Amino acid sequence: MRTAFIQELIHQARSRPDIFLVVGDLGYSVVEPFVEEFPGRYLNAGVAEQNMTGVAAGLASEGYHAFTYSIANFPTVRCLEQVRNDVAYHRLPVTVVSVGAGLAYGNLGYSHHAVQDIAVMRTLPEMTILSPADPGEARECVQWLVEHPCPSYLRIGKAGEKELHQVRGISKGPLQVFGADANAKLAVVCTGSVLRIALEAARKLAERGVNVAVFSCPWLQPVSPQFFQCLTRFKRLIAVEEHVVAGGLGSLLRDMLPRIEVVSLALPADVLGKVGGQEFLRQNAGLTAEAVMEKILAGNP
């Protein structure tokens, strides 16, 4: 997903001289193509994410659309005060890019887990929040952000994610990526790369005659009940996310759709102290296709 991000950013920068990339001393083997083509619109701020955010805000105040880029929770939780005061308060066109959403950097431990970031960034009402599931969604997110410069947060995966579906209109509501018959009473709604898990579960169940809809929700803020209109035909929703329950997608759906039952499949508290690869941690957290299947079957006896 990070490769799709930088490729699309380069493509957009060729026609948008206002795009500026600021990184926190990382991204090696990823950002070099941007640096080579636009050396005057790139800055390595060093291992100083708070300063990186302040610099980006300064650039934005002078007419640039600045993109900050760092791992997991560092450009969000570590420098929340700068994002809140320098970017959001002044409504500056700074896009905070967090690479390694959820447990993608699981081997580096809890310091590198981005599992509260959606909840934290949702508290900033000026902040647009985008959480793509695959490279296609990531590219469309960048396209939207370039066309609508604003305080924004882009939460992307790490590398190797496959294209899961054809993207159409991320800002118009959750995207249905797997079908269901007109009488279906249950849908699975995902944000981020866990969409792959939900699709695996839905396809296995479809082979057994259990048909449910699967939606991807890369757009998380700003939203309204009307944004989720496509989900109101269901009586039960399963929210799947690589994030803690509090403040995440499930919480958002409950806020917007209070008359619909929302069941969360998210990260439990006890996974936060564990170290290991992303798939290992997902297994330990119960964030698997089998777990999604169990939740679906509980609503389709």
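Details of the structure are given in the entry above.
Residues numbered from 1 in each chain as written. Predicted model: local features only at pLDDT ≥ 70, side-chain atom pairs only at ≥ 80, totals over all residues. Heavy atoms only, no water.

Visitor: Where do I start with the overall build of the protein chain in this structure?
Guide: What the protein chain contains, in helices and strands, is ten helices and twelve strands. Against the globule reference of 19 Å for 301 residues, the protein chain gives a C-alpha radius of gyration of 19 Å, in line with a compact fold. Taking the principal axes of the C-alpha coordinates as reference, the protein chain spans close to 60 × 40 × 30 Å. Considering only residue pairs separated by 6 or more positions, the protein chain has 76% of its internal contacts joining residues 24 or more positions apart. Summed over all atoms, the accessible surface of the protein chain reaches about 12100 Å², with 51% contributed by carbon and sulfur. Positive and negative side-chain charges in the protein chain, numbering 27 and 29 respectively, have mean positions lying 7 Å apart. (Helix = DSSP H or I, 4+ residues; strand = E, 2+ residues; numbered from the N terminus. Rg over C-alpha atoms; globule rule 2.2 N^0.38 Å. Contact = heavy atoms within 4.5 Å. Areas by Shrake-Rupley, 256 points an atom, 1.4 Å probe, with all protein chains shown as cover. Lys, Arg positive; Asp, Glu negative; His and termini not counted. Charge placed at Lys NZ, Arg CZ, Asp CG, Glu CD.)

Visitor: Please explain the packing of aromatic side chains as it appears in this structure.
Guide: How two aromatic rings sit relative to each other is given by the distance of their centres and the angle of their planes. Applying the stated rule across the entire model yields seven aromatic pairs. Taken together, a centroid distance of 5.9 Å and an interplanar angle of 80 degrees make the contact between Phe-215 and Phe-234 edge-to-face. You can see Phe-215 sitting in strand β9 (residues 213-216) and its partner Phe-234 sitting in the loop between β10 (219-221) and β11 (236-244), a full 19 residues away along the chain. Judged by relative accessible area, Phe-215 falls into the buried class, the value being 2%. Plain terms: the ring middles of Phe-227 and Phe-228 are 5.0 Å apart, the flat faces sit at 85 degrees to each other, and that makes the pair edge-to-face. The pair formed by Phe-227 and Phe-228 is uniform in burial state, with each residue classed as buried. In this structure, Arg-78 packs its charged tip against the face of Phe-74, placed 4.4 Å from the ring centre. The ring centre of Tyr-105 lies 4.5 Å from the NZ or CZ of Lys-158, which sits over that ring. (Phe/Tyr/Trp six-rings, centres within 6.5 Å; stacked < 30°, edge-to-face > 60°. Buried < 20%, exposed > 50% of the residue type's maximum accessible area, 1.4 Å probe, protein only. Lys NZ or Arg CZ within 6 Å of the ring centre and 35° of its normal.)

Visitor: Help me out: how do you make sense of the packing of helix α1 (residues 2-13) against helix α6 (residues 135-147) in this one?
Guide: For any two helices packed against each other, one specifies the crossing angle of their axes together with the interaxial distance. Running from N to C, α1 and α6 point in directions that differ by 35 degrees, and their axes come no closer than 9 Å. Here α1 runs over α6; the crossing is right-handed. Packed against α1, whose contacting residues are Ala-4, Phe-5, Glu-8, Leu-9 and Gln-12, the element α6 presents Pro-135, Arg-139, Val-142, Gln-143 and Val-146 at the interface. Grouping the amino acids of the contact of α1 with α6 by side-chain chemistry returns six nonpolar, two polar and two charged. (Axes fitted to C-alpha atoms, helices over the stretch in contact; angles between N-to-C directions. Left-handed = near helix turned anticlockwise from the far one by under 90°. Nonpolar A, V, L, I, M, F, W, Y, C, P; charged D, E, K, R; others polar.)

Visitor: I tried to follow the nonpolar core on my own but got confused; where do I start?
Guide: In a soluble, globular protein the nonpolar side chains are often hidden away together inside. Counting residues in each nonpolar core, the largest one holds 80 residues, and the members touching the most others are Phe-5, Leu-21, Phe-34, Tyr-69, Leu-237 and Leu-253. For Phe-5, the residues in contact, after removing those within four places along its chain, are Phe-67, Tyr-69, Val-97, Val-142, Leu-154 and Ile-156. By size, the runner-up hydrophobic cluster in this structure holds 34 residues, among which are Val-194, Val-210, Leu-267 and Val-271. (Core = buried A, V, L, I, M, F, W, Y, C linked by side-chain atoms within 4.5 Å.)

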